[in-house]
There are 2 protein chains.
Amino acid sequence: MKKILFLVVLCCLFINKQLVAQNDNLVIVIHGGAGTWDRALMTADKEKAYKDKLNEALEAGMKVLKEGGTSLQAVETAIKILEDSPLFNAGKGAVFTNEGKNELDASVMDGKTLKAGAVAGVTTIKNPISAAIAVMEKSEHVMMVGQGAEKFAASKGIEIVPSSYFYTEERYQQLKKAQEKEKAAQEDTTGSVEIDRNYKFGTVGAVALDKFGNLAAGTSTGGMTNKRYGRVGDAPIIGAGTYANNEACAVSCTGHGEYFIRWTVARDIAALVEYKKMSVEKAGNEVIMNKMVKVGGEGGCIILDKKGKLSMPFNSEGMYRGYLRSSGEKSVMIYKDK
Amino acid sequence: MKKILFLVVLCCLFINKQLVAQNDNLVIVIHGGAGTWDRALMTADKEKAYKDKLNEALEAGMKVLKEGGTSLQAVETAIKILEDSPLFNAGKGAVFTNEGKNELDASVMDGKTLKAGAVAGVTTIKNPISAAIAVMEKSEHVMMVGQGAEKFAASKGIEIVPSSYFYTEERYQQLKKAQEKEKAAQEDTTGSVEIDRNYKFGTVGAVALDKFGNLAAGTSTGGMTNKRYGRVGDAPIIGAGTYANNEACAVSCTGHGEYFIRWTVARDIAALVEYKKMSVEKAGNEVIMNKMVKVGGEGGCIILDKKGKLSMPFNSEGMYRGYLRSSGEKSVMIYKDK
């Protein structure tokens, strides 16, 4: 009898240790886009506003994880906060298309099941990340575009808003400015007129590791200012802007979407981790700081593996980013040094 | 003087040998979808019609390669023939959506430059593969969807047709049948009513190797019968349905698109070749016959590397497929044994 009791106690201690060990290693990593303000234009007030919002998203995501939520729930929670903020190019605050509309894209992936969901070109969904999750969880499909995606989201109770919800004066002025510059560039034959790069590649994203040891990744964007022809970037493309696989890592990208699609950046980083046994740091550097730099693919990404190792490489001037561990270890930065 | 002459002759012989060697290894591989007719329903006449059309596409693609055209041109030529045929689920002959429309997707990738182009959800472009190439070559984008893509294609001289061009009585009857079955399944609580799988995963695709040693891949589809909500499958997704990289291989997929997106099938096969140094045969089997079979991801793909080695794995009952080498070696098959 004593022996059995002893074994039961031992088992309890072991199970408890496992749970504690798992709980100890909760991590959330987020980005608010590689298209930061040029350093010269960044004021102390602006910087504080961005960092405060990144902090809020990290804390909210970690709260979900600490309460036993899944990495997917943490990713959704963090991204919704960034989507709802006009500071970032996703949800409220999305940039305008050439036609003066806001067309949003988002995607999500679950590292345990490799289930994925994405929406592209939607104009009335308040939180595209939640619509992407609905596509993943409540349909047999992975990707839906345009009005079809909106119809599906509405049928699943996702919040629909009038498209005017996405209007912000600042983004509208950016469109006007971009169009004026474009016109000047077309009339100019010297090629000396530069397109404004501020905000060009803004996107938000999150990756997280939960107490079950599962990874998830999500990305949401308003695309490129002045974009035309129903252009879709990397954010809603599984393997380009978003990828998660417990066997490798979770990745969310931000940058010049066309390069990220062509180089299947998120999947490539995960493939280097999975097949070449690279660390997330080495794999991220190989793709973002080597392959992308060589071809002029501006941008960055956040990467997280099952052990909680993370990396946030970027080859642009800055990338709004941060991470928070359940231990309390935290970092929120915009440029390389601060 | 004699020495110089001797060297010049040697050089000429060497260069000539190189050119001949390159020309000797032209290859085109095509597929017409993994969604073949159940064997029991395939008649000798139908089989002949399919094989004749596959032969025509292979011969036309090889003609382009032999005349010094690029792998991209050969891929376009072969795919256009399959798109123009009502036999295959792409272009003319595309299946109908739930709303009774034909929504087409296509993508293309150049293995030398990693340039890529894609269109999705287009309803008036006669040859979506040509529109995908226009996006790649004549825009700074990779992917365009819906009316925006159509507007762009029209502006670049791509042939536009009324959407009624895509109507075929046979496909329309398939939609009606699918909808009746769906209704019966909804009313049936035993779960015994099966959705008709004939044509469900039809797609066409091609990969080629040209005299310059460059690879290209292309894929075009009409999607899934009775599809809803602007669903997009793997065909227009770079890394899922289509991928080409001279350093690895060229891949075009056909099958249950959702699984092919989630497993980034085309990129995964290329990653196994690139990073694990697998042969195209081993990499194709690992993904199509192992990973996909384990999760129920029905379908197949065609794979070709820079040395001309090819593989055409599929886990479905059949896959319309064939290849032709400049040596004249040829194979056209539908099922595993014929």
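The structure presented is a predicted model; accordingly, all values stated were derived computationally and were not measured. (Residues numbered from 1 in each chain as written. Chains lettered and ligands numbered in written order. Predicted model: local features only at pLDDT ≥ 70, side-chain atom pairs only at ≥ 80, totals over all residues. Heavy atoms only, no water.)

**Details of the overall build of chain A**
Thinking step 1. Broken down by element type, chain A carries nine helices and 13 strands.
Thinking step 2. In chain A, buried positions account for 61% of the 338 residues.
Thinking step 3. Contacts spanning at least 24 positions in sequence make up 69% of the contacts within chain A whose residues lie at least 6 apart. (Helix = DSSP H or I, 4+ residues; strand = E, 2+ residues; numbered from the N terminus. Buried < 20%, exposed > 50% of the residue type's maximum accessible area, 1.4 Å probe, protein only. Contact = heavy atoms within 4.5 Å.)

**A short note on the relation of the copies chain A and chain B**
Thinking step 1. Mapping chain A onto chain B is achieved by rotating through 180 degrees and translating by 0.0 Å along the same axis, at an RMSD of 0.0 Å. The operation mapping one copy onto its partner corresponds to a two-fold rotation axis.
Thinking step 2. Interface overlap between copies is the fraction of interface residues in one copy that are interface residues in the other; for chain A against chain B it reaches 100%, indicating a shared surface. (Least-squares fit on C-alpha atoms with pLDDT ≥ 70 in both.)

**Comments concerning the interface of chain A and chain B**
Thinking step 1. On the side of chain B, 39 residues touch chain A, which itself brings 39 residues to the contact.
Thinking step 2. At the boundary of chain A with chain B, total buried surface from both sides reaches about 3400 Å², with 65% on carbon and sulfur atoms.
Thinking step 3. When the buried area of chain A at its contact with chain B is split by residue, Tyr229, Arg262 and Tyr275 of chain A rank highest and sum to 23% of it.
Thinking step 4. Here Lys151 of chain A makes a salt bridge to Glu99 of chain B, at a shortest N to O gap of 3.5 Å. (Buried area = accessible area lost by both parts, 1.4 Å probe. Salt bridge = Lys/Arg side-chain N within 4 Å of Asp/Glu carboxyl O.)

**Structural notes on the pairing of strand β3 (residues 116-122) of chain A**
Residue and element names in this part refer to chain A.
Thinking step 1. Most of β3 is tucked away, with seven of its seven residues classed as buried.
Thinking step 2. As paired elements, strand β2 (residues 104-110) and β3 share five bridges and run antiparallel to each other. Within β3, the residue paired with Leu104 across the bridge is Val122.
Thinking step 3. The hairpin formed by β2 and β3 contains five residues between the paired strands, and Leu114 there has a positive phi angle of roughly 60 degrees.
Thinking step 4. Here three bridges tie β3 to strand β4 (residues 143-145), and the two strands are oriented parallel to one another. Directly across from Ala120, in β4, lies its bridge partner Val145.
Thinking step 5. The handedness of the β3 to β4 crossover, carried by helix α4 (residues 128-138), is left-handed. (Pairing = 2+ DSSP bridges. Right-handed = clockwise from strand over helix to strand, strands pointing away.)

**Examining the sheet that holds strand β12 (residues 318-325) of chain B**
Thinking step 1. Pairing in this open sheet of nine strands is mixed, and the strands run β7(A)-β4(B)-β3(B)-β2(B)-β6(B)-β5(B)-β1(B)-β12(B)-β13(B) from one edge to the other. Bordering the open sheet on either side are β7 (231-232) of chain A together with β13 (330-335) of chain B, each of which pairs with just one other strand.
Thinking step 2. Bridge count for β7 of chain A against strand β4 (residues 143-145) of chain B is two bridges, and the pairing is antiparallel. Looking at β4 of chain B, one finds that Val232 of chain A is bridged to Met143 of chain B.

**Considerations on the side chain of His141 of chain B**
Thinking step 1. Among the structural elements, His141 of chain B can be located in the loop between α4 (128-138) and β4.
Thinking step 2. In terms of polar contacts, His141 of chain B uses its side chain to reach the side chain of Glu258 of chain A, at 2.8 Å. (Polar contact = N/O pair within 3.5 Å; in protein donor to acceptor, adjacent residues only side chain to side chain.)

**Topic: the packing of helix α2 (residues 44-66) of chain B against helix α3 (residues 71-84) of chain B**
Between two packed helices, both the angle of their axes relative to each other and the distance between the axes serve to describe the pair.
All names here are of chain B.
Thinking step 1. Orientation of α2 relative to α3, taken along the N-to-C sense of each, is 155 degrees, at an axis distance of 8 Å. The angle between α2 and α3 places the two elements in the roughly antiparallel class. Considering the relative orientation of α2 and α3, their crossing is right-handed. Contact residues: α2 offers Lys53, Leu54, Glu56, Ala57, Ala60, Gly61, Val64 and Leu65, while α3 offers Ser71, Gln73, Ala74, Thr77, Ala78, Ile81 and Leu82.
Thinking step 2. For the contact of α2 with α3, the residue count by class is nine nonpolar, four polar and two charged. (Axes fitted to C-alpha atoms, helices over the stretch in contact; angles between N-to-C directions. Parallel < 35°, antiparallel > 145°, perpendicular 65-115°, else oblique. Left-handed = near helix turned anticlockwise from the far one by under 90°. Nonpolar A, V, L, I, M, F, W, Y, C, P; charged D, E, K, R; others polar.)

**Let's talk about the sheet that holds strand β10 (residues 299-304) of chain B**
Residues and elements named next belong to chain B.
Thinking step 1. Ordered in space as β8-β9-β10-β11, the four strands form an open sheet in which the pairing is antiparallel. Edge strands, defined here as strands with exactly one partner in the open sheet, are β8 (242-244) and β11 (310-311).
Thinking step 2. With six bridges connecting them, strand β9 (residues 250-255) and β10 associate as antiparallel partners. Note on β10: the bridge partner recorded for Cys253 is Cys301.
Thinking step 3. Of the strands in this sheet, β10 and β11 are in contact with helix α9 (residues 280-295), which crosses β10 at around 160 degrees.

**Thoughts on the pattern of salt bridges**
Thinking step 1. Taken as a whole and judged by the stated rule, the model has 30 salt bridges over all chains.
Thinking step 2. The closest approach of N and O atoms between Glu47 of chain A and Lys51 of chain A, which form a salt bridge, is 3.4 Å. Highlighted residues: Glu47 of chain A and Lys51 of chain A, both in helix α2 (residues 44-66), separated by four residues, approximately one helical turn.
Thinking step 3. Among the ionic contacts, a cluster of salt bridges with common partners joins Arg267 and Glu274 of chain A together with Asp268 and Lys291 of chain B.

Interpretation in functional terms is not warranted from these geometric data alone.
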